[in-house]
Every structure is written in C-alpha cells, then in structure tokens.
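The chain contents come next:
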Amino acid sequence: MTRKINIAKAMLFLIICIIGSHLIYASFYDKTLSILDTHLLSCITVILALISLVILHAMPTDESETPGDKTSTGISAPHTDDWSINADTLEEVVILTCPRNLVLKANKAAVEMFEKLFNDKSIIGLEFAEVFDILHSNLEDRANADQVLEAILQNPSIQYREMLRLKDGRFIERVTRPYDENGCRIWYMHDLTYLMQANEDQALHGTMAQEEAARTAEMAEQLYLAKAELEKNQSDLTRLANTDGLTGLNNRRHFMELANNAILDMSSLFEIWVIMLDIDHFKKINDSHGHSAGDTAIRLFSETVTNCIGSRGEIGRMGGEEFAVYLPGVTKDDTEQLAEDIRQHVEKLNITHEDISFQFTTSVGIAKVLSEEWSIETALDRADEALYIAKTSGRNCIKAA
C-alpha cells in the first residue's frame, strides 16, 4: 500500500510539472495560451491521470505487514515467528514423557502437584505409570483410569481426554497425546472443579453427558483395539507357557492337561496307551561332549519321536532327557510297534556337533490306562516302572507294564 501511495505522488508531481512547464513557456515568451492550447493541455492531463489510475489498479497489493505496521486497531503487530509460551506460567500441569515412558520434563505446576505427593522427590526420570499411580489411589474409582494407562502402554498412538474425580470432590481433566514421531507423549491436567459444579444446570449437564458418551465411545473403540492386541499377546504368552523352550514340544504341565482331557473324552470302547522313554547314558554325553551337545541330542531325539508318532498322539517333555507319549484309540500291538519304530530310528541317528560325531540309544516303557482310571498319572507311573526295567535289562529295549 505504501508503494502505491509513493507512485501516486510521483504521477501527480509529473502532471504538475507538465502543466507548470506550459505555463512557464507561455510566460517566458509572453504568449497567452489559446483556447485550443488550453483544451489540449487539459486533455493531456486527464489522459496522464487515467494512465496513473490504471497502473495503480494493476499493481499487486502487498498484504504482508512489517513488524512496525499497524493493525486495524492501531496496535503494532508482534513478531509471530518469535512467539512462544513459557510452560511454567501455565496453571495447567504439563508433563512430557520420553519413548521409554519416563518423565522427561515437567512444568512448575506439575512439580508442585506431584512432588508434594512424592514427599519432595523429583518425578523426572520416573515412569509415568508410577507417577500417576499415587494420583489414581486418590480417585473415587480408579479402575477406568488404570485401564487408560494400560491401553496407552500397549498402544502409544492413543489420544485421549478423561475426567478424574478425586475423593476430596475435585475434578481433574487429563489429556494426553503423542508429542512427536520419536515416541514422546505430552500430558495436560487441569482442575475443572468449578466447571463441573456449574454443570448442575440440567441443560448444560445433558450437553456434557453427550460429550462424555462420545468420548466413552471413542475410548471403547481404542480399548477394543488395545484388547485385540492384548489378546494376541496373551495367545503368544499362552503358547510360551505351554511349550518347552528347547524342543518346542508340550511341557509337562500342558501334556498332563491334554492327556487327562483325552481320558475324560474317550469312550470306554477304546483304549489309551502311554509311553515313557529317555536317552540312554545321557549324562555321559554331557560329560564327554558338553551340555550344548546334550541339547542337540535332545532336540534331534524329540524330532525323531515326533515324526514317528505323527497325528496318532501327543508328546511332551517331562524334564531333562525324559519324554512321554499318550496314544488314544490304539492297541497294545500298535503301541509296541510304534515304540519299536522309535527305538530303531533313534539307534540309527548319527549326531554331529562342533565336528564331533556320536550316537545314542533309547529305552522305552509302555502301559495301558485302565478303565477305572480318570487320570494319566497312574498309567505314567507304571510306564516309568517299565522304563526302569528296560534300563536295568541292558537299555535300548522296550518293556511293558
């Protein structure tokens, strides 16, 4: 705008100069301008004025304000690029947590609020779950607040706003959202007790109830997603809890559970047989070749037994080099033949570990689950006794109870 004004002044000065030059010319040479000359001079002046207006209208307007420009109210505009707020001047509690869920920064209001609760202990460096735990202990109902923190720990992208009601009657609004792409999270807390008390007005209360319902629906969706993630994690944990870490087979607890369920579900017209087996002279393998060689032997032994059994039964590692199998719907002959297949395959194994080759054999004991038995344990004890007889009979053989 200032640039347009300067150009307008320049054009006006030019027009005045033209008119003045004609007048000086007429005065200098003692001539009087004729009517025609006067009209011609007027036309030239009007044309120049019109050209000035057209040029001014065509020029782009610079809308930007310099730091010294005045706004419509006559107040100088501030330097917005340098504008910032000191968090310590805010009444709100502001906490910044880092990707490891540790408190990275806290403003003055947060320090005053929490360090009193922690007996003047600094909250910087503490986990935010630990910081908020003491606040939750002062809530009328902490269950939902605890669920929110758990959901945030499982899903760092959650944004949420909630109202916390303390036992002393205060209402604290807590807002949290991701702060940046590095995994940091920012928390705001503000005392809204005065606002909640004003909400005793029925109309206002209804509006806030609708907003709370929307927030609850939003949180329900986020909790649903978090629950799905937790269920997946729970499935993984269940698998780990039921599986032997070295062999990937059922561990003892899960094997016993599966076997007992099979006995309860089994018709009296069918038989269930169990097998107990282990690696002969396993201690000698560990002593001669090391425990890592022993682990290799156990893994190959478990793979061999698993391949021989296929889908006919379940196998579990009972501990150390000892394994158990239950076979539903088979006969004694079927069980003895399967045990013999396992014995022969194991006998043919040639183990190579760190340029060391060795072989081993297995001893096997078998027993039948009796019709009056409702647990696998007694049958396993009998099979274990048969295994002991196989050991004392020279090993690498099968004995039936």
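On a predicted model such as this, the values are computed, not experimentally measured, just so you know.

Draft legend 1. Here's a closer look at the pattern of salt bridges. As enumerated under the stated definition, the model contains 16 salt bridges in all. The salt bridge involving Asp146 is made with Arg142; its shortest N-O contact spans 2.8 Å. When its relative accessible area of 28% is taken as the criterion, Asp146 is described as partly exposed. Relative accessible area serves as the criterion here: at 29%, Arg142 is assigned to the partly exposed category.

Draft legend 2. Representation of the packing of helix H4 (residues 128-136) against helix H5 (residues 143-154) within the structure. Remark: H4 packs on H5, axes separated minimally by 11 Å, with the N-to-C direction vectors making an angle of 170°. Here H4 lies roughly antiparallel to H5, going by the angle between them. Of the residues in H5, those touching H4 at Phe128, Ala129, Phe132 and His136 are Ala145, Asp146, Leu149, Ile152 and Leu153.

Draft legend 3. Region of the structure containing the sheet that holds strand E8 (residues 314-319). On the basis of which strands lie adjacent, the open sheet formed by 6 strands has the order E6-E8-E9-E7-E12-E13 and mixed pairing. Edge positions in the open sheet fall to strand E6 (250-251) and strand E13 (398-400), since each of these has one partner strand only. Across 5 bridges, the pairing between E8 and strand E9 (residues 322-328) is antiparallel. In the strand pairing of E9, Gly316 is matched with Ala324.

Draft legend 4. Geometry of a negative patch on the surface. Where like charges cluster on the molecular surface, the negative patch consists of Glu377, Asp381, Asp384 and Glu385. Inspection of the secondary structure puts Glu377 in helix H12 (residues 377-392). Owing to a relative accessible area of 46%, Glu377 belongs among the partly exposed residues under this scheme.

Draft legend 5. Looking closely at the nonpolar core. Counting 29 residues, the largest nonpolar core has Leu277, Phe301, Val305, Val325 and Phe360 as its most contacted members. Sorting the residues of this core by element identifies strand E7 (272-279), helix H9 (282-289), helix H10 (291-309), E9, helix H11 (332-347) and strand E12 (362-368) as the ones contributing at least two each. With 7 residues, the top contributor of residues to this core is H10. When near neighbours in sequence (up to four residues on either side) are disregarded, Phe301 contacts Leu277, Asp278, Ile279, Phe323, Val346, Phe360 and Thr362. Residues Ile95, Ala110, Val148 and Ile172 belong to the second largest nonpolar core, which totals 28 residues.

Draft legend 6. Representation of the packing of aromatic side chains. Using the criterion set out here, one finds 7 aromatic pairs in the structure. Relative to Trp187, the ring of Phe132 has its centre 4.8 Å away and its plane inclined at 50°; by these criteria the two rings are tilted. Within this pair, whereas Phe132 is found in helix H4, its partner Trp187 is found in strand E5 (residues 185-191), the two being separated by 55 residues in sequence. One exposure class covers both Phe132 and Trp187, and it is buried. For the pair Phe255 and Tyr326, a centre-to-centre distance of 5.7 Å together with 50° between the ring planes defines the contact as tilted.

Draft legend 7. Layout of the sheet that holds strand E4 (residues 171-178). Taken in spatial order, the 5 strands of this open sheet run E2-E1-E5-E4-E3, and their pairing is antiparallel. Taken across any chain shown, the strands that pair with only one partner, and hence form the sheet edges, are strand E2 (103-106) and strand E3 (160-165). Mean inter-strand twist for the sheet, computed between neighbouring axes without regard to direction, equals 20°.

Draft legend 8. Representation of the side chain of Gln222 in the model. Its location among the elements puts Gln222 in helix H7 (residues 202-242). On the accessibility criterion, Gln222 (14% relative accessible area) is buried. Here Gln159 takes part through its backbone oxygen, which lies 3.2 Å from a polar atom of the side chain of Gln222.

Draft legend 9. Structural detail: helix H8 (residues 252-265). Compared with the 20 Å implied by 1.5 Å per residue over 14 residues, the 20 Å span of H8 between its first and last C-alpha is a close match. Every buried residue of H8 is listed here: His254, Phe255, Met256, Ala259, Ala262 and Ile263.

Draft legend 10. Structural context of the environment of Asn155. Within the fold, Asn155 resides in the loop between H5 and E3. For Asn155 and Leu223, which are 68 residues apart along the polypeptide, the C-alpha to C-alpha distance reads 9.4 Å. Of note is the side chain of Asn155, whose polar atom sits 2.8 Å from the side chain of Ser157.

Draft legend 11. Fine view of the state of the cysteines. Counted by the stated rule, this structure contains 0 disulfides. Cysteine Cys98 remains unbridged, with the sulfur of Cys184 as its closest cysteine sulfur at 6.3 Å. Judged by its relative accessible area of 10%, Cys184 falls in the buried class.

Draft legend 12. Fine view of the pairing of E3. Burial of the side chains of E3 is restricted to one face: Tyr160, Glu162 and Leu164 are buried, whereas none of Arg161, Met163 and Arg165 on the reverse face is. Pairing geometry for E3 and E4, over 6 bridges, is antiparallel. Bridge pairing in E4 places Tyr160 opposite Thr176. The loop that links E3 with its antiparallel partner E4 comprises 5 residues; one of these, Gly169, has a positive phi angle of about 95°.

Draft legend 13. Expanded view of the environment of Lys283. Here Lys283 shows up in helix H9. Owing to a relative accessible area of 62%, Lys283 belongs among the exposed residues under this scheme. Distance in space between the C-alpha atoms of Lys283 and Gly294 is 8.4 Å, their sequence separation being 11 residues. There is a polar contact of 2.9 Å between the side chain of Lys283 and the side chain of Asp287.

Draft legend 14. Molecular detail of the side chain of His353. Counting through the fold element by element, His353 comes out in strand E10 (residues 351-353). Relative accessible area serves as the criterion here: at 11%, His353 is assigned to the buried category. One polar contact links His353 to Ser292, side chain to side chain, over a distance of 2.9 Å. With sequence-adjacent residues up to four places away left out, His353 is seen in contact with Ser292, Ala293, Thr296 and Phe358.

Parameters and conventions
- Residues numbered from 1 in each chain as written.
- Predicted model: local features only at pLDDT ≥ 70, side-chain atom pairs only at ≥ 80, totals over all residues.
- Heavy atoms only, no water.
- Salt bridge = Lys/Arg side-chain N within 4 Å of Asp/Glu carboxyl O.
- Buried < 20%, exposed > 50% of the residue type's maximum accessible area, 1.4 Å probe, protein only.
- Axes fitted to C-alpha atoms, helices over the stretch in contact; angles between N-to-C directions.
- Helix = DSSP H or I, 4+ residues; strand = E, 2+ residues; numbered from the N terminus.
- Parallel < 35°, antiparallel > 145°, perpendicular 65-115°, else oblique.
- Contact = heavy atoms within 4.5 Å.
- Pairing = 2+ DSSP bridges.
- Patch = residues over 30% accessible without salt bridge, like charges linked within 9 Å, V, L, I, M, F, W, Y side chains within 5 Å.
- Areas by Shrake-Rupley, 256 points an atom, 1.4 Å probe, with all protein chains shown as cover.
- Lys, Arg positive; Asp, Glu negative; His and termini not counted.
- Charge placed at Lys NZ, Arg CZ, Asp CG, Glu CD.
- Core = buried A, V, L, I, M, F, W, Y, C linked by side-chain atoms within 4.5 Å.
- Phe/Tyr/Trp six-rings, centres within 6.5 Å; stacked < 30°, edge-to-face > 60°.
- Polar contact = N/O pair within 3.5 Å; in protein donor to acceptor, adjacent residues only side chain to side chain.
- Expected span 1.5 Å × (residues − 1).
- Disulfide = S-S within 2.5 Å.

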